[in-house]
Amino acid sequence: MSVNVAVFIPVLVIAAALFIWSCFRRFRLVLLGKPANRFRNIGKRVKSMIYFAFGQRCTVNHGYKFGLNHLVLFWCFMILLIANTEFLLHGLSPNVISFSRLTHGVYYPLAYIFDVLSVLALASVIIAIIRRLVFPPYYIQARSRDAFTILGLIAVLMLAFFSLHGTEIAQGKEIAAKYMPISNAFSHIFSGASAGTLGAYANAFWWLHAVVLLSFLNYLPYSKHMHILTSIPNVFFRSTTKVNTQLPEEFKKGNTFGVGQVNQFSWKDLFDSYSCTECGRCSNMCPATYTGKLLNPRLVIHDIKVNLLKNGPLIAQSKATNMPLIGGGQEGSIADEVLWACTTCGACMEVCPVFIEHVPKIVDMRRNLVEMKAKFPTELLPFFENIEQRSNPWGIVPSDRIKWAADLNVKPFEAGKTEYLFYVGCFGAFDARSRKVTLSIAQILNTAGISWGILGKDELCCGDSLRRLGNEFVFDRMARDNVKIFKDRGVKKVITECPHCYNTLKNDYHQYGIELDVIHHTELLNNLIKSGKLSLNGSKDLGNVVFHDSCYLGRYNNIYEAPRQAVTSVTHRVPTEMERNLEKSFCCGAGGGRMWMEESTGKRIDVERVEQALAKNPSTICVCCPYCLTMFEDGLKDKKADEKVQVLDLAEIVAGALKK
Amino acid sequence: MLVVTFVKQVPDTTQVKVDPVTGTLVREGVPFIMNPFDVHALEESLRLKDKYGFRVIVLSMGPPNTEVTLRKALALGADEAILLSDRVFGGADTLATSAVLAEATKKLAQKEEIAIVMCGKQTIDGDTAQVGPGIATRLGYPQLTLVDLIVNVDLQAKKVKVRRRLEGRYEIVESPLPSLISILRRANRPRYPVVPRRLMAQDAPVELWNNKVMGLKEDTIGLKGSATQVRKIFSPERTKGEILGDGANKPEETAKLLIDKLLAKNIICLK
């Protein structure tokens, strides 16, 4: 067919110019963000981009079956990109550029591939439409106009492709007709038409295809489908460390702290907001969203994007903005309550197919509320003051830290004389229930002949909750104090009872110039059992043991197997898994400083998690974290199941099975 | 106009232990805090600042390390801090303390009009609740003690209206400015310092007023000016009651003991 080049050139130029202008306007705003180094480890980045983005490992994961549909569409799209590029270039110079000018050996297979992929793309679009209409997933706005617009455009594009090639086959112009099964089928529709009509049809379908293609291109930057442009680079720029440890702040006069305005985010944070595909998996996984809190991680990212689009141009011109980033009340503004609802469990980041980092953004905004405005839930005030004044959450006299060891002969840690520092932590030292866990650990360490000591009343709180709550100023001081103690005393190897201490000592203190060899008691116990240093003779029957993964061990530090193996060694039975386990584990509700806040909206997270555990008919629930221990016991009382079901820390289970 | 706020740095009394042998207080290693009542007095002053635009000057008498507490007050929002520190001020009882504080107030009043002198109801180390009234008496200011609410300040009429919390009743009192107010802890919920102010407070000037500046007669201040002399500090013998069980380590068992005890004495009963 012959295209009217004189008409097409200006159309293409205008469409391309519009697209570039749109992209420029949007991406320019990303540069308003603060610097962030996401260029190191290029090799690793390229590899993960190939694996996760091109391999679509990120969409087909965690049991999301429809990710497969995306994989099909993605690869059809990538390959049809070649066909569409040829289509546009062919439109510019019909006589020069055309695949049909290639040798048959190349052209025929290409024609076949394009034809088949086009029908695959059409099929996956239809599946997507049906899914949205008939059984929409609850966690996304499945029936948005945005989604149907783009699906419709792709469908029309594919139909135009078949119609165009169908008419060309009917005209007898297509040499590869035999190899284009679908287009060939379409050609029968037009078989009775006269040559003139066919020519008009071909022309119309060509223009339809061209206009839809260019409209699609220009629609992208203004919709959630911008992710087509941004998600692959976003995977490239993802955090290369598993743990997304919050960056420290510099406490200098004149600095602002945290993020209170959208340009105080890093460019990567802003780019994240452009990359969101609105797939809703984060919200589906979020324990806060699930239990009816105001927080919905997808909307947090969405609001950041809306805020950037609204305020960015004003900020770029140094004009006043009128939509606050934090405050709520409208699209593009995030309510305080949303930020305080996060348990920092990281489930959202774990499932995000494009590696958006939700939690650090939430903590950054908390920092702004705490550090710049002193605005936080009132129950945090005593918590902050107690920690600052007495280095424990309850404001208990620091000298009581040693009380748990009153009846034991516990040695103080001395470098050279004791191998391990047992960093007990606030819960382990002060909380009556957790003290039993501490005693179990002490008993096991002694039985195994480990050389260990404690800091006693000189031990300080690690500051985990402070950091997650955005009180970085006080965290910073505590981290420095702790690191000084560790350095002064020559601490190298540390055993922790609490996963939060573990994570803070291991990953956060690293920023303060100390590399500790930290081991959580679950790992240590499992090692001791495996190496035969503990002889177990079985314990009293624990019944059905259901295992709960704590977020800061599992998702944060990849410790999944050690506690399970240890339970198995004791009970000779693999612990029962909950529906939500391993990297999809459901938070107990106490992380991110939530331990110290009231939970007045929606259902209590601990109750929800306890119900999930009760569904497995446990006699014992095994936890590895003092927060989880507290939350589960509270939840069981709430469900009036505390008589039937006991909650034990792994250390208690192992200590109970030691040969007497 | 000024709100003059007095604060005291006290040992964190919950962390003070009594030496079982000598019966004296073991102060070693006990951290110092701003007297909790004074935290509320400062908060009330800062609220007046926010509402009426007063300047808040915070004063403290004590050893040089009291500067820490004054910096905390600056971080919370006080505009200026003055440290009254001199060896000759040391060992003062409430009489001698109020003498220095009243003179300092007079000195401030020479430069700027004072609206209110604010202090906490009492300190947690001395517990006398006498210094506030002492200052007011020496200055001839009306004293509004046990205040849990400042209803309003009328700048035109130069009056302040407060609510006093007395046993079993409230009293609404109006008084001319300047007045001295002593604040109850229930009056407010103190704010939390924002980081920029904390950083500012780290090296903000804290003015030192020693007796060279104050020029007070030595027999009216410090130990010499005190009417009370401490002979002995001891913890009183417990004459009644008993400590049941081990609440910290065996809470359930201890609760059972307590319930049995209360049942036996017919203080509670089972339905």
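Rules and cut-offs
- Residues numbered from 1 in each chain as written.
- Chains lettered and ligands numbered in written order.
- Predicted model: local features only at pLDDT ≥ 70, side-chain atom pairs only at ≥ 80, totals over all residues.
- Heavy atoms only, no water.
- Domains from an automatic or database assignment.
- Pairing = 2+ DSSP bridges.
- Helix = DSSP H or I, 4+ residues; strand = E, 2+ residues; numbered from the N terminus.
- Core = buried A, V, L, I, M, F, W, Y, C linked by side-chain atoms within 4.5 Å.
- Buried < 20%, exposed > 50% of the residue type's maximum accessible area, 1.4 Å probe, protein only.
- Contact = heavy atoms within 4.5 Å.
- Phe/Tyr/Trp six-rings, centres within 6.5 Å; stacked < 30°, edge-to-face > 60°.
- Axes fitted to C-alpha atoms, helices over the stretch in contact; angles between N-to-C directions.

K.L.:
Even after reading the chapter, I still don't get the domain arrangement of chain B, so can you show me in this structure?
P.N.:
Interfaces are often described in size by the accessible area the parts lose on coming together. According to the domain assignment, chain B contains domain 1 (2–220) and domain 2 (241–271). Here the C-alpha centre of domain 2 of chain B lies 42 Å away from the C-alpha centre of domain 1 of chain B.

K.L.:
When you look at the sheet that holds strand S2 (residues 452–453) of chain A in this model, what are you seeing that I'm missing?
P.N.:
All names here are of chain A. Pairing within the open sheet is parallel, and its 4 strands lie in the order S2-S1-S3-S4. For this open sheet the edge positions go to S2 and strand S4 (517–520), each flanked by a neighbour on one side alone. Of the pairings in the sheet, the one linking strand S1 (residues 420–423) to strand S3 (residues 493–496) comprises 4 bridges and is parallel in character. Bridged to Tyr-420 within S3 is Lys-493.

K.L.:
Just to check I follow, could you spell out the nonpolar core for this structure?
P.N.:
The nonpolar side chains of soluble globular proteins are, as a tendency, buried together. Residues and elements named next belong to chain A. Residues Met-365, Trp-404, Trp-452 and Phe-486 are the most contacted members of the largest nonpolar core, which totals 144 residues. Excluding anything up to four places from it in sequence, Phe-486 contacts Leu-421, Tyr-423, Leu-455, Val-491, Leu-505, Tyr-509, Ile-514 and Leu-516. Counting residues in hydrophobic clusters, the runner-up holds 42 residues, among them Tyr-108, Phe-186, Ala-210 and Val-212.

K.L.:
What am I meant to see in unusual backbone geometry here?
P.N.:
Note on backbone geometry: most residues besides glycine have negative phi, and most peptide bonds are trans. Residue and element names in this part refer to chain B. Cis rather than trans, the peptide bond between Leu-177 and Pro-178 has omega equal to -10 degrees. Within the fold, Pro-178 resides in the loop between strand S11 (169–176) and strand S12 (179–183). With phi around 60 degrees, Asp-127 is a residue other than glycine that occupies positive phi space. Along the chain, Asp-127 falls in the loop between strand S8 (114–120) and helix H4 (131–139). Here Asn-266, not a glycine, exhibits a phi torsion of approximately 60 degrees, which is positive. Here Asn-266 is to be found in the segment after helix H7 (251–264). Since its relative accessible area comes to 66%, Asn-266 is described here as exposed.

K.L.:
I tried to follow the packing of aromatic side chains on my own but got confused; where do I start?
P.N.:
The description of an aromatic ring pair uses the distance of the two centres, along with the angle that the planes make with each other. Taken as a whole and judged by the stated rule, the model has 47 aromatic pairs over all chains. Measuring from centroid to centroid gives 5.7 Å for Phe-422 of chain A and Trp-452 of chain A, while their planes differ by 70 degrees, and the two rings are edge-to-face. Of this pair, Phe-422 of chain A sits in strand S1 while Trp-452 of chain A sits in strand S2, and the two are 30 residues apart along the sequence. Taking the relative accessible area as the measure of exposure, Phe-422 of chain A reaches 0% and is therefore buried. Cluster of aromatic residues (ring-pair linked, three or more members): Phe-376, Phe-383, Phe-384, Trp-394, Phe-427, Phe-430, Trp-596 and Tyr-627 of chain A together with Tyr-192 of chain B.

K.L.:
Hey, could you run me through the sheet that holds strand S5 (residues 545–547) of chain A in this one?
P.N.:
Residue and element names in this part refer to chain A. The 3 strands lie next to each other as S5-S6-S7, forming an open sheet whose pairing is parallel. Of all the strands in the sheet, just S5 and strand S7 (646–649) have a single pairing partner and so form its edges. The sheet shows a mean angle of 30 degrees between the axes of neighbouring strands, taken without regard to direction.

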